[in-house]
Amino acid sequence: MLSRKGIIPEEYVLTRLAEDVPDPARYRARERRARFVGKSGTCNVAHKNIREQGRFLQDVFTTLVDLKWPHTLVIFTMTFLCSWLLFGMTWWLIAFAHGDLDHSTQLRAGGSREAGEEEAGGFVPCVTSIHSFTSAFLFSIEVQVTIGFGGRMVTEECPAAILMLIVQNIVGLVINAIMLGCIFMKTAQAHRRAETLIFSKHAVIALREGRLCFMLRVGDLRKSMIISATIRMQVVKKTTSLEGEVVPLNQIDVQMENPVGGSNIFLVSPLIIYHVIDKNSPLYDISPQHLNHHEDLEVIVILEGVVETTGITTQARTSYLADEILWGQRFVPIVAEEDGRYSVDYSKFGNTVRVPTPSCTARQLEEDRSIIDSIPLSPKSTSRKRSFRLKPKFTITDEPS
């Protein structure tokens, strides 16, 4: 626009536009590490070149449950339509073999049902009122769905028709059980409950009881509890063994601690789960300089438990990359006592505040404990307590003797 008005020469504008185009090779080295587990809990793994595809058909029910909703609904509809068409064709063949279709044609040409029956000498069809494939298809739907309008029915004339009636009822029950069970399992999947289990967006590393700890916050938005909830953590990073074997995704279990102790947690209110960084921790040599997007480090947190209302085991997952770990910060309190009950302010769920923390690794801190003495530690509690001054309602005086 400026070049059109003659304010800036056109060749200068084109030169500046060319300079503003980012060079792909220039920023290629700064690409962020690919996640192994997404923030929402989805696993970022693509399965390719699977040769034995037939293994999925050996477990048809699980395969149907794992499908997406559009595919499941298409299979649900096509299964019933195909079964109705298949048995409709079978009923049409039975009527054709017995001569029911020819007799129905004669009845239509005779003008009345009574005259046709007298002319045919008391002919009894296998299925009444079967005139064409359309009527056979309608009868197939009536049998499998057990509608029974009353216009068509099976007679005792053909044993094959009675046998086919039994077979279609059994097949229809099996199809109903599989399809309805699949729909129920898809609507009651465990990961639906995991949508209300939340983790803090960032994890923090700070001092707790004189030791560096990796901390995160977890909470449950529903009032219904997660029974026997357990939480565990894994560190995923690229490692090389002593023999030179490269393991691109080495999963290392990490011991977690929680405020109530033990492996189970009582997730009624949000809890701060922490891991003490000691000599057995894979984070033993991590310093603030390592917490950037270049570092090959990912911390995976897994929360498991039983849903109180349904009894189904659920699992919630999240992960933290190196640049999502904040050094020298801790979470702000969000639980307060109001009107005789505890309230949780979820607007501050992921808020953190800076605290004095040494900028060294846990190894260096363990070797030189004098580093903590040089850090001005914050007071244990910053909350103010109200002081009440009580005035005596009576006075005690000595009685005169």
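## Considering the packing of helix α4 (residues 69-98) against helix α7 (residues 133-145)
- Closest axis-to-axis distance for the α4/α7 pair is 8 Å, and the angle between their directions is 120 degrees. In terms of axis orientation, α4 runs oblique to α7. Both α4 and α7 take part in a crossing whose hand is right-handed. Contacts between α4 and α7 involve F80, S83, W84, L85, F87, G88, M89, W91 and W92 on the former and, on the latter, F133, A136, F137, F139, S140, I141, Q144 and V145.
- Here the contact of α4 with α7 is composed, by residue class, of 13 nonpolar, four polar and no charged.

## Remarks on the pairing of strand β13 (residues 341-344)
- Bridge count between strand β12 (residues 335-338) and β13: four bridges; the pairing is antiparallel. For A336, the partnering residue across the bridge sits in β13 and is S343.
- Hairpin connection of β12 to β13: two residues between the antiparallel strands, including D339 at a positive phi of 55 degrees.

## Let's talk about the confidence of the model for the chain
- When the pLDDT values of the chain are averaged, the result is 80; 79% of them are 70 or greater.
- Considering only residues more than four positions removed or in separate chains, one finds that residues 111-120, a stretch of pLDDT under 50, has seven contacts.
- Contacts of residues 380-397 to residues separated by more than four positions or lying in other chains number zero contacts, the stretch itself having pLDDT below 50.

## Quick notes on the pairing of strand β7 (residues 271-276)
- Counting buried positions along β7 yields six of six residues, so the element is predominantly enclosed.
- Both faces of β7 are covered, namely the face carrying L271, I273 and H275 and the face carrying I272, Y274 and V276.
- Bridge analysis of strand β3 (residues 211-220) against β7 gives six bridges, and the strand direction is antiparallel. Within the sheet, the bridge partner assigned to V218 lies in β7 and is L271.

## Considering the packing of aromatic side chains
- All chains considered together, the criterion is met by six aromatic pairs.
- The interplanar angle of 15 degrees and the centroid separation of 5.5 Å between the aromatic rings of W92 and F96 together place this pair among those described as stacked. Remark: F96 and W92 occur in helix α4; sequence separation between them is four residues, near one turn of the helix.
- We classify F96 as exposed; its relative accessible area is 52%.

## Focus: the side chain of S83
- Checked against the element boundaries, S83 lands in helix α4.
- Of the polar contacts made by the side chain of S83, one reaches the side chain of Q144; its length is 3.1 Å.
- The residues contacting S83, other than those within four sequence positions of it, are S140, Q144 and I175.

## Digging into the packing of α4 against helix α8 (residues 159-187)
- Closest axis-to-axis distance for the α4/α8 pair is 11 Å, and the angle between their directions is 175 degrees. When the axes of α4 and α8 are compared, the pair comes out roughly antiparallel.
- Residues of the contact of α4 with α8, tallied by class, amount to 17 nonpolar, seven polar and one charged.

## Overview of a nonpolar patch on the surface
- Residues F61, I162, I166, I170, V174, I178, F184 and M185 make up a contiguous nonpolar surface patch of about 710 Å² in total accessible area.
- The greatest single-element share of the nonpolar patch, amounting to seven residues, is contributed by α8.
- When you line up the elements, I166 lands in helix α8.

## Examining unusual backbone geometry
- The backbone phi angle of T146 is positive, close to 55 degrees, even though this residue is not glycine.
- Along the chain, T146 falls in the loop between α7 and α8.
- With a phi angle near 55 degrees, S228 is a residue other than glycine that sits in the positive phi range.
- Turning to its location among the elements, S228 is positioned in strand β4 (residues 226-240).

## Re α4
- In a regular helix each residue adds 1.5 Å, so 30 residues correspond to 44 Å; α4 covers 44 Å between its end C-alpha atoms and thus fits that length.
- Buried within α4 are the following residues: T72, F80, S83, W84, F87, G88, W91, I94 and A95.
- G99 lies just past α4 and shows a positive phi near 90 degrees.

## Examining the nonpolar core
- Membership of the largest hydrophobic core comes to 38 residues, with the highest contact counts inside it found for F199, F214, L216, I265, L303, Y320 and I325.
- It is β4 that contributes the most residues to this core, five residues altogether.
- Apart from residues lying up to four places away in sequence, F199 is in contact with L216, R217, V218, V301, L303, A316, R317, T318, Y320 and F349.

## A closer look at the environment of T314
- Topologically, T314 is positioned in strand β9 (residues 313-321).
- T314 sits in the buried class, given a relative accessible area of 2%.
- Once the C-alpha coordinates of T314 and A190 are considered, the two residues, 124 residues apart in sequence, prove to be 4.7 Å apart.
- When neighbours within four sequence positions are excluded, T314 is seen to be in contact with A190, H191, R193, A194, I226, L303, E304, G305 and V307.

Thresholds applied
Residues numbered from 1 in each chain as written. Predicted model: local features only at pLDDT ≥ 70, side-chain atom pairs only at ≥ 80, totals over all residues. Heavy atoms only, no water. Axes fitted to C-alpha atoms, helices over the stretch in contact; angles between N-to-C directions. Helix = DSSP H or I, 4+ residues; strand = E, 2+ residues; numbered from the N terminus. Parallel < 35°, antiparallel > 145°, perpendicular 65-115°, else oblique. Left-handed = near helix turned anticlockwise from the far one by under 90°. Contact = heavy atoms within 4.5 Å. Nonpolar A, V, L, I, M, F, W, Y, C, P; charged D, E, K, R; others polar. Pairing = 2+ DSSP bridges. pLDDT = per-residue confidence, 0-100. Buried < 20%, exposed > 50% of the residue type's maximum accessible area, 1.4 Å probe, protein only. Phe/Tyr/Trp six-rings, centres within 6.5 Å; stacked < 30°, edge-to-face > 60°. Polar contact = N/O pair within 3.5 Å; in protein donor to acceptor, adjacent residues only side chain to side chain. Patch = residues over 30% accessible without salt bridge, like charges linked within 9 Å, V, L, I, M, F, W, Y side chains within 5 Å. Areas by Shrake-Rupley, 256 points an atom, 1.4 Å probe, with all protein chains shown as cover. Salt bridge = Lys/Arg side-chain N within 4 Å of Asp/Glu carboxyl O. Expected span 1.5 Å × (residues − 1). Core = buried A, V, L, I, M, F, W, Y, C linked by side-chain atoms within 4.5 Å.

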